[in-house]
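So the chains spell out like this:
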Amino acid sequence: NTVVVGNLPKVGEAKTAKLMGVLNKLIDKFGPNEKHMPTNPETNETYGFVIVTFEDGECAAAAKQLNGMQLDKAHCFKVKSMDEFNEIADRPDEFIPQRTLNSFSRHDFRTWLSDKKCREQILLRYTKSNVAETEIYWHDTMAGSPVLCYGGEAQKAAGKVWCDWRVHWSPQGSYVATFHQQGIALWAGPDFEKKMRLPMNNVQEIDFSPNEEFVLMWNGSHPSSNPDTAVAIFHILTGRCVRKCRTPMVTPGGGDFPHFLWSSDGKYLAEMTDSRILVRDTETWELIKDAEGKGSPLKFNNLSTFQWSPKGNVLAAWTLEKDNSHPARLVLVEIPSRAELASRSRTQCEAVMHWQSEGDYLCLQVTKLSKTGKRVSTNMEILRTREKQIPVDVVTVEDVVKGFFWEGQGKRFSVLTADELGHKPRLLIYVLGPEKCELICTFDLPSNSFNEVIWAPEGQYFVIASKSAAGGASSSGDLLFAGLTVDNKLEILHKDEHYMLTDVHWDPSSRYIITAVTQPFSTDQGGYKYSMEAGYALWTFQGRNLYREQKEKLFQVIWRPHPPSLLPLKKQIDIRKNIKQHSKKYDALDEQAKETARSAFRRERDEKTRSFKLVLDRLADWKAEKEEENGWRKAQDAFNENQEWTQEEERHEEQLGVTEELIS
């Protein structure tokens with residue numbers, strides 16, 4: 001029946017009666033009570049609270065209505081029951097924060113990387129007998145075919161569906177994100193357990209931050225409809241929605257998605273309009289500050305697009321030419337300082353930006369145009385972004401450039417060209433030396449259907465492919481497996497094809513390649529065109545086919561990404577130099593696995609042979625028994641005796657050759 005009313009003014013003896021009078025008017029209306037306002041003997045002032053004991057417990061509960069009441073500008077009542085007051089008084093001196101948000105442990109998220117066989121994982125999304133399947137396989141070369149790791153068995157046993165639509169790996173391979181009508185579910189761990197549900201109706205696209213701290217979700221709303229909840233960003237570990245906003249009017253890369261681009265470390269998120277780039281800090285979700293300490297966007301005239309450096313917080317922005325007074329410009333800006341690192345101005349041109357995977361170089365592919373808009377030539381302007389004052393190498397190509405492709409983690413790049421009529425296709429490969437960019441090899445392609453070069457993540461090896469463009473004509477699926485030697489000589493390792501090819505993916509270790517024919521999802525148009533050829537094939541980097549399977553309705557086939565290596569760069573270089581020495585251990589394990597497989601094959605073969613011989617023996621016994629019963633044997637013997645024939649044996653010997661060797 002006792003409550004404590006706190007946060008009262010601390011008054012001396014002269015003002016105690018006045019304060020008590022005010023409290024009587026406020027408290028007595030709840031019922032009969034007794035009040036005690038203790039005084040501090042050292043200061044002769046009250047402690048700032050009063051203890052009120054009511055005759056009825058209901059009155060005490062009603063008195064809690066005073067909680068939050070403003071006595072004056074400096075004092076707001078805090079009313080607690082005696083039990084609550086004792087709990088507060090007994091709290092330890094050391095503050096222990098109470099966790100109120102859901103979370104989960106990540107201790108086993110990367111156990112798949114310690115697989116003893118060093119196998120990679122592959123995710124498949126397809127339809128079988130009108131049932132959508134999502135399956136994750138081990139790529140096991142010893143088994144001869146992919147080995148199922150998990151196919152949603154737990155969900156099937158519970159009568160549930162693991163995935164309703166699309167499925168995505170997170171950038172470092174820690175999570176599998178499955179799309180559902182109500183939102184996104186994240187799965188992780190060796191058994192792919194559900195770790196988090198992120199609610200958002202009708203999710204169309206998602207984009208993880210590179211460090212896997214956040215995931216951005218978009219419901220497909222057109223900018224003209226502008227609902228404030230079209231885009232939602234969630235903190236993955238806690239499941240908390242940290243930001244919601246409308247669909248921006250502009251996408252940096254064109255198309256429908258993405259509207260936002262993450263920085264390489266996930267600390268910044270940027271979007272654009274036709275004249276501004278808005279960069280937000282992901283700790284506060286506020287715009288980065290300018291020189292005056294105010295949050296403001298980066299301003300550009302006639303902004304066309306922008307890209308983040310893959311390694312480092314540097315923005316590359318391209319603005320279009322406007323009249324004769326405003327040429328087209330490339331600008332490099334460091335974030336968050338907003339410092340302009342470099343700029344290039346051009347007129348009468350079109351341009352595309354290509355970052356090298358390590359952010360060491362940026363290629364500005366500039367196509368010069370005549371006054372009538374006809375193409376004149378193409379310049380590749382290579383900016384060395386890590387060097388002082390950012391020097392530029394310029395490579396001019398007179399032919400039509402069909403594609404530009406950086407070597408993974410390397411200093412080389414390849415260019416596909418053709419003449420004005422689309423004939424005479426060629427592959428050009430350049431290397432960036434310490435002082436200049438040099439052409440190291442040219443190769444006349446056997447067909448003008450080749451339209452893409454896919455480099456291995458570790459560099460050196462690549463595949464030249466004829467791929468079907470999204471929504472475009474079907475491809476021949478021609479494949480050329482190639483590589484560069486240490487002294488930059490081109491080696492064509494193998495030529496093959498995968499008809500109507502749509503996808504080519506290297507595994508993260510650069511050992512294997514997936515080629516596939518996938519069809520769009522049922523909500524997309526044109527899926528029927530690929531349905532009969534849908535399927536995938538696995539190859540070594542030299543072009544040896546390991547496995548091929550047709551799947552009539554194959555929607556996705558994706559390698560599981562790797563997180564960044566924990567080995568220092570010096571150690572990685574040492575391993576590459578001494579790869580033969582380090583590989584002996586794994587060669588021995590491979591040979592042991594092969595011998596185990598051979599032994600298992602021999603045992604299975606011997607068992608089948610033994611079983612077959614037992615069947616033959618039973619048939620022979622049955623035949624002998626029947627011959628005895630029916631008199632067939634006696635009749636056969638009598639028949640043979642009446643035949644006039646004799647058995648003769650002849651032996652022929654022939655010398656095929658003589659070899660003499662002197663043994664000393």
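Positions within a chain are numbered from 1, following the residues in the order the chain's sequence is written. Local features in this predicted model are restricted to residues whose pLDDT is 70 or higher, and side-chain atom pairs enter the listing and the counts only when it is 80 or higher, whereas totals over whole chains, interfaces and linings include all residues. Side-chain calculation: all heavy atoms of the structure are included, whereas hydrogens and water are not.

Novice: Quick rundown of the overall build of the chain? Include the residues and the values.
Specialist: Per the convention used, a helix needs a DSSP run of H or I reaching at least four residues, while a strand needs a run of E reaching at least two, with both numbered from the N terminus. Counting its regular elements, the chain contains eight helices and 44 strands. For 664 residues, the compact-globule estimate of 2.2 N^0.38 gives 26 Å, and the C-alpha radius of gyration of the chain, at 38 Å, exceeds that figure by more than 25%. Projected onto its principal axes, the C-alpha positions of the chain cover 150 × 90 × 65 Å. When a residue's accessible area, from a 1.4 Å probe over protein chains only, is under 20% of the maximum for its type it is buried; when over 50% it is exposed; and in between it is partly exposed. Per-residue burial over the chain gives 42% buried out of 664 residues. This radius of gyration counts C-alpha atoms alone. The globule rule is 2.2 Å times how many residues there are, raised to the power 0.38.

Novice: Break down the packing of aromatic side chains for me, citing the residues and quoting the values.
Specialist: Each aromatic pair joins two rings of Phe, Tyr and Trp (for Trp, the six-membered one) with centres within 6.5 Å, and gets the label stacked for planes under 30 degrees apart, edge-to-face for over 60, and tilted for any other angle. Under the counting rule described, the total for this entry stands at 21 aromatic pairs. Look at Tyr268 and Trp308: their rings are 6.5 Å apart centre to centre, the planes differ by 20 degrees, and that puts the pair in the stacked class. With Tyr268 in strand S21 (residues 268-272) and Trp308 in strand S24 (residues 303-308), this pair connects stretches of sequence that are 40 residues apart. Accessibility expressed as a relative area gives 8% for Trp308, which makes it buried. Cluster of aromatic residues (ring-pair linked, three or more members): Tyr361, Phe404, Trp406, Phe413 and Tyr430. Taking NZ or CZ as reference, Arg119 lies 4.4 Å from the ring centre of Trp138, over its face. Note that Lys551 overlies the ring of Tyr126, its terminal NZ or CZ placed 3.9 Å from the centroid. Cation placement over rings: the criterion is NZ of Lys or CZ of Arg within 6 Å of the ring centroid and within 35° of the ring normal.

Novice: Any chance you could break down the environment of Val161 for me, citing the residues and the numbers?
Specialist: Locating Val161 in the fold gives a position in the loop between helix H4 (153-157) and strand S12 (167-169). For the pair Val161 and His180, spaced 19 residues apart in sequence, the C-alpha separation works out to 9.5 Å.

Novice: Tell me about the pattern of salt bridges, residues and numbers included.
Specialist: Side chains that differ in charge, positive against negative, can pair when their charged atoms come close. Salt bridges are identified by distance alone: a Lys or Arg side-chain nitrogen within 4 Å of an Asp or Glu carboxyl oxygen. In total, this model carries 30 salt bridges according to the counting rule given. Lys626 is paired through a salt bridge with Glu629; the nearest N and O atoms lie 3.9 Å apart. In this pair, Lys626 and Glu629 are both assigned in helix H7 (residues 579-630), three residues apart and thus about one turn of the helix distant. Within this structure, Asp115, Lys117, Arg119 and Asp140 form a network of salt bridges that share partners.

Novice: So what's going on with the sheet that holds strand S25 (residues 314-319)? Which residues, and what values?
Specialist: One open sheet accounts for four strands, arranged S24-S25-S26-S27; its pairing is antiparallel. Edge positions in the sheet fall to S24 and strand S27 (340-346), since each of these pairs with one other strand and no more. Here the average twist between neighbouring strands, direction ignored, is 15 degrees. Each pair of strands is called paired provided DSSP finds at least two bridges between the two strands. To obtain each axis, a line is fitted to C-alpha atoms, and for helices this fit is confined to the stretch in contact; angles are then taken between N-to-C directions over 0 to 180 degrees.

Novice: Go over the pairing of strand S22 (residues 276-281) with me, naming the residues and quoting the values.
Specialist: The sheet contact formed by S21 and S22 spans five bridges and is antiparallel. When the bridges of S22 are listed, Leu269 appears paired with Arg280. Strand direction decides the pairing type here: S22 and strand S23 (residues 298-299), joined by two bridges, are antiparallel. Within the sheet, the bridge partner assigned to Ile277 lies in S23 and is Leu298.

Novice: Explain a negative patch on the surface to me, using residue names and the numbers behind them.
Specialist: Residues enter patches when their relative accessible area tops 30% and they take part in no salt bridge; the joining distance is 9 Å for like charges and 5 Å for the nonpolar side chains Val, Leu, Ile, Met, Phe, Trp and Tyr. Accessible surface is estimated by sampling points in the Shrake-Rupley manner with a 1.4 Å probe; for residues, cover comes only from the protein chains shown. Only four residue types enter the charge count, namely Lys and Arg as positive and Asp and Glu as negative; His and the chain termini do not. Charge positions are represented by NZ for Lys, CZ for Arg, CG for Asp and CD for Glu. A surface patch of negative charge is lined by Glu34, Glu55, Asp56 and Glu58. Counting through the fold element by element, Glu55 comes out in the loop between strand S5 (50-54) and helix H2 (57-63).

Novice: I'd like to hear about a nonpolar patch on the surface, residue by residue, with values.
Specialist: Together, Phe612, Val615, Leu616 and Leu619 make up an exposed nonpolar region whose accessible area comes to about 360 Å². Checked against the element boundaries, Val615 lands in helix H7. When its relative accessible area of 33% is taken as the criterion, Val615 is described as partly exposed.

Novice: Tell me about the pairing of strand S43 (residues 545-550), residues and numbers included.
Specialist: As defined by bridge partners, strand S42 (residues 535-540) adjoins S43 across five bridges and the pair is classed as antiparallel. Looking across to S43, one finds that Tyr536 is bridged to Glu549. A loop of four residues connects S42 with S43, the two strands running antiparallel in sequence, and Gly543 in this loop sits at a positive phi of about 100 degrees.

Novice: Please set out the sheet that holds S22 residue by residue, giving values where relevant.
Specialist: Ordered in space as S20-S21-S22-S23, the four strands form an open sheet in which the pairing is antiparallel. Sheet topology places strand S20 (261-262) and S23 at the edges, where each strand pairs with a single neighbour.

Novice: So what's going on with the nonpolar core? Which residues, and what values?
Specialist: Take the buried residues of types Ala, Val, Leu, Ile, Met, Phe, Trp, Tyr and Cys, join any two whose side-chain atoms come within 4.5 Å, and each joined set is a nonpolar core. Ile184, Leu186, Leu198, Ile206, Val215 and Met217 are the most contacted members of the largest nonpolar core, which has 22 residues in total. Considering every element that reaches this core, the biggest residue donor is strand S14 (residues 183-188), with three residues. Any two residues having at least one pair of non-hydrogen atoms within 4.5 Å are treated as being in contact. Discounting chain neighbours no more than four positions away, the residues touching Leu198 are Gln182, Gly183, Ile184, Leu186, Val215, Met217, Phe234 and Gly239. Judged by nonpolar contacts, the second largest core, of 20 residues, contains Met20, Phe30, Val52 and Cys59.

Novice: Go over the side chain of Gln121 with me, naming the residues and quoting the values.
Specialist: Structurally, Gln121 can be placed in strand S9 (residues 120-128). In this structure Gln121 comes out as buried when scored by relative accessible area, which is 1%. Here a polar contact is recorded for every N or O atom pair within 3.5 Å, except that within protein the pair must consist of a potential hydrogen donor and a potential acceptor, and residues adjacent in sequence are included only if both atoms are side-chain atoms. Side chain to side chain, Gln121 and Arg560 meet in a polar contact 2.7 Å long. Every residue in contact with Gln121, bar those within four places of it in the chain, is listed here: Trp112, Ile136, Tyr137, Trp138, Cys149, Trp169, Phe192, Ile558, Trp559 and Arg560.

Novice: Help me get a handle on helix H1 (residues 13-27), residues and values and all.
Specialist: For a helix, the expected span equals 1.5 Å multiplied by the number of residues minus one. Taking 1.5 Å per residue as the helical rise, H1 with its 15 residues ought to reach 21 Å, and the 21 Å between its terminal C-alpha atoms agrees with that figure. For H1, the complete set of buried residues consists of Leu19, Met20, Leu23, Leu26 and Ile27. Around the axis of H1, the buried residues are gathered within 120 degrees of arc, so they sit on the same side. For H1, the exposed residues lying more than 90 degrees away from the buried face are Ala14, Ala17, Lys18 and Lys25. Packing partners of the buried residues in H1 comprise strand S1 (2-6), strand S2 (33-36) and S5. Directions are taken from the helix axis to each C-beta atom, and the arc is the one they span.

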